[in-house]
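Now for the letters of each chain:
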There are 2 protein chains.
Amino acid sequence: MEQFDVHILGCGSALPTTRHNASSQVIRIGNKQFMIDCGEGTQLQLRRQHIHFSFINHIFISHLHGDHSFGLIGLISTFGLLGRTAPLHIYADPMLEKVMKPQLDFYCKDIKYPLFFHGIDAGKHSIIYEDNTITVETLPLNHRMPCCGFLFREKPKRRHLIGEMVNFYNIPIFMRQSIKDGADYTTPDGDIIPNSRLTKDADPSRSYAYCSDTRPCPEICEYIQGVDLLYHEATFAESEKERAKVTHHSTASEAAGIALKAGVKRLVIGHFSSRYDDEEILQKEAREIFPDSICANEGLLLEI
Amino acid sequence: MEQFDVHILGCGSALPTTRHNASSQVIRIGNKQFMIDCGEGTQLQLRRQHIHFSFINHIFISHLHGDHSFGLIGLISTFGLLGRTAPLHIYADPMLEKVMKPQLDFYCKDIKYPLFFHGIDAGKHSIIYEDNTITVETLPLNHRMPCCGFLFREKPKRRHLIGEMVNFYNIPIFMRQSIKDGADYTTPDGDIIPNSRLTKDADPSRSYAYCSDTRPCPEICEYIQGVDLLYHEATFAESEKERAKVTHHSTASEAAGIALKAGVKRLVIGHFSSRYDDEEILQKEAREIFPDSICANEGLLLEI
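Given the structure is predicted, the values throughout are model-derived calculations rather than measurements.

Chemist: For the packing of aromatic side chains, give the residues involved together with the corresponding values.
Modeler: Residues and elements named next belong to chain A. This structure, assessed with the given rule, holds 30 aromatic pairs over all chains. Note on Phe-106 and Tyr-107: the rings are 5.1 Å apart at their centroids and 90° apart in plane angle, and the pair reads as edge-to-face. In this arrangement the basic side chain of Lys-109 is found over the ring face of Phe-106, its NZ or CZ atom lying 5.6 Å from the centre.

Chemist: Which residues make up the relation of the copies chain A and chain B, and what values do they have?
Modeler: Under the fitted operation, chain A is carried onto chain B by 0.0 Å of movement along the axis and a turn of 180°, and the coordinates agree to an RMSD of 0.0 Å. Both copies of the chain, as the preceding transformation shows, are related through a two-fold rotation axis. Minimal C-alpha distance to the rotation axis in chain A is attained by Gly41(A), lying at 2.6 Å.

Chemist: Explain the interface of chain A and chain B residue by residue, including any values.
Modeler: In this assembly, 34 residues from chain A lie in contact with 34 residues from chain B. Of all residues in chain A, the largest losses of buried area upon contact with chain B belong to Glu40(A), Phe70(A) and Tyr107(A), amounting jointly to 24% of the total for that side. Counting across the interface, chain A meets chain B through zero salt bridges. Taken together, the links from chain A to chain B amount to nine residue pairs in polar contact (both at pLDDT 80 or more). Of all the elements in the fold, those that place two or more residues in the side of chain A that touches chain B are helix 1 (42-48), helix 2 (66-69), helix 3 (72-81) and helix 4 (95-107) of chain A. With seven residues, the single largest contributor to the side of chain A that touches chain B is helix 4 of chain A. Grouping the constituent residues of the side of chain A that touches chain B by class yields 16 nonpolar, 15 polar and three charged.

Chemist: Talk me through the sheet that holds strand 18 (residues 301-303) of chain A; I want residue IDs and the actual numbers.
Modeler: Residue and element names in this part refer to chain A. If you walk across this open sheet you meet the seven strands as 6-5-4-3-2-1-18, and the pairing is mixed. Across the chains shown, the open sheet's two edge strands, defined by having one partner strand only, are strand 6 (115-119) and strand 18. When strand polarity is set aside, the average angle formed by the axes of neighbouring strands in this sheet is 20°. Sheet topology note: the strand 3 (residues 32-38)/strand 4 (residues 56-60) ladder contains four bridges and is parallel. Residue pairing for strand 4: Phe-34 is matched across the bridge by His-58. Of the strands in this sheet, strand 3, strand 4, strand 5 (88-92) and strand 6 are in contact with helix 3, which crosses strand 5 at around 170°. Helix 4 rests against strand 5 and strand 6 of the sheet, and its axis sits at about 160° to strand 6.

Chemist: Requested: an account of the pattern of salt bridges, with residues and values cited.
Modeler: All names here are of chain B. For the structure shown, the criterion picks out 32 salt bridges over all chains. The closest approach of N and O atoms between Arg-275 and Glu-240, which form a salt bridge, is 3.2 Å. Here Arg-275 is found in the loop between strand 16 (266-270) and helix 11 (280-289), whereas its partner Glu-240 is found in the loop between strand 15 (229-233) and helix 9 (241-246), with 35 residues between them in sequence. Its relative accessible area of 23% is what places Glu-240 among the partly exposed residues. The salt bridge involving Glu-288 is made with Lys-284; its shortest N-O contact spans 3.3 Å. Residue Glu-288 and its partner Lys-284 are both found in helix 11; the two are separated by four residues, about one turn of the helix.

Criteria and cut-off values
- Residues numbered from 1 in each chain as written.
- Chains lettered and ligands numbered in written order.
- Predicted model: local features only at pLDDT ≥ 70, side-chain atom pairs only at ≥ 80, totals over all residues.
- Heavy atoms only, no water.
- Phe/Tyr/Trp six-rings, centres within 6.5 Å; stacked < 30°, edge-to-face > 60°.
- Lys NZ or Arg CZ within 6 Å of the ring centre and 35° of its normal.
- Least-squares fit on C-alpha atoms with pLDDT ≥ 70 in both.
- Contact = heavy atoms within 4.5 Å.
- Buried area = accessible area lost by both parts, 1.4 Å probe.
- Salt bridge = Lys/Arg side-chain N within 4 Å of Asp/Glu carboxyl O.
- Polar contact = N/O pair within 3.5 Å; in protein donor to acceptor, adjacent residues only side chain to side chain.
- Helix = DSSP H or I, 4+ residues; strand = E, 2+ residues; numbered from the N terminus.
- Nonpolar A, V, L, I, M, F, W, Y, C, P; charged D, E, K, R; others polar.
- Pairing = 2+ DSSP bridges.
- Axes fitted to C-alpha atoms, helices over the stretch in contact; angles between N-to-C directions.
- Buried < 20%, exposed > 50% of the residue type's maximum accessible area, 1.4 Å probe, protein only.

Right, here's the structure in full:
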């Protein structure tokens, strides 16, 4: 199967710490790389993690708090210095383009690549990106400002041809694609060979959901039902439950509750408050509700 | 003597590397802290170097390239999150305020402290900051855009009273300040005791000059003559001399040439191009011309 992994660049929250960078991660699916969020220092993290800048063509911004977006101007500028010519697409609240325009006009007037802003409506569940193999959907979240998560989902894949059967029936090459798509095969003699004799099941279509920053949102569970991996913010421990409510964040238990309700396969929690010197307590609390939970960390690579 | 030191937070150039952060440094003089330049990631460097955010009240920006200014919005925002109430003063090309305004209006509308932008004319040598103990002067530089260095200079200090003489003549407390300033003492009997018998020389007034980014500028030598420490950019080695000219930067030899001509006491070079895996060659080339040269490095603390 093609590579599908999530590379954590930063999983801290608003205040900088020596333990965690501001939010950002890179999703690699096959030879495509997508970035989610871009807090200050993201480009340094790309360097540290040896991730090629030039393969990133699409950046999804969950919401316009600084710890999720202040790294954009530096990254856009560096792409220019590196001689990028490929278009860069940024998906974010329409306000981002307005706020960045004077900066872009001043600092990035010499960049040689097209930069496109795609305004997204964080309050609506919709497909905002689609190519031949994947879709990206928004997940409406509940934060102090318009904010959405992102669901990356592979499209259904083609069935696998069984080599021996292809040879046995001497199936012409031009017919093989439709058989992979499920067609039966009609022999020159008019016999119909059912698809199930010619093919094996397709690889499963994998999926990844990113939910940060937010109060727990049971409404999203229908969209993320059964995803292979859920990244959910868990800014606070249970002892700070009231603070989580006031600041529109989640506790680790609440994040785990969403994972449980949505029946996801694995949970990774992040967006840790700067008050925690280690996140052991958060992981413990999450695991009490959803055992297959781990804490994010800078450099963590999660294969899906 | 009071503390006077320079703390290097970043000494890389435009492209991020795993070796160097973008330009920034903190100058501590007594209980005051000043920042020069504020590239992306500066607030993280403050954390890493355990420098108190709250003591920084004045930030001087040499010029409006991203690697000297992209960290400002994050720092301003974090000051707000930390509950700062003390005014923050930013000294920079007037364009900075215009470029940042939409960002500040959007991201920082809730900050509780006054933020003042002071426009500076980088082409003019003038005093842009003054308090009871120091002055900060601009040093016009030669870069691809308006750019200036900064000269921090302690004001002349008061002479030291000689304790034995003060006791011998029983000098009243109210007269001691004027004697520290150089006055003679007239005894109740009318005898005049010359100041030189009552005091020792004042501590020397120390000075620090920051020059980045720039072609070598012999014109500044009159202003920085004999400074205790000069930070001068040395983006390139001699083998890249042509590239230094085209990009309006300096080689290590050229930086050392300025140090020599200005008769400074020590030179520290920085703003290293990302092409150097170590800066040995730059230090070597600088020392051939000005032996008391060292390379900057993140975390380096230079006492003056």
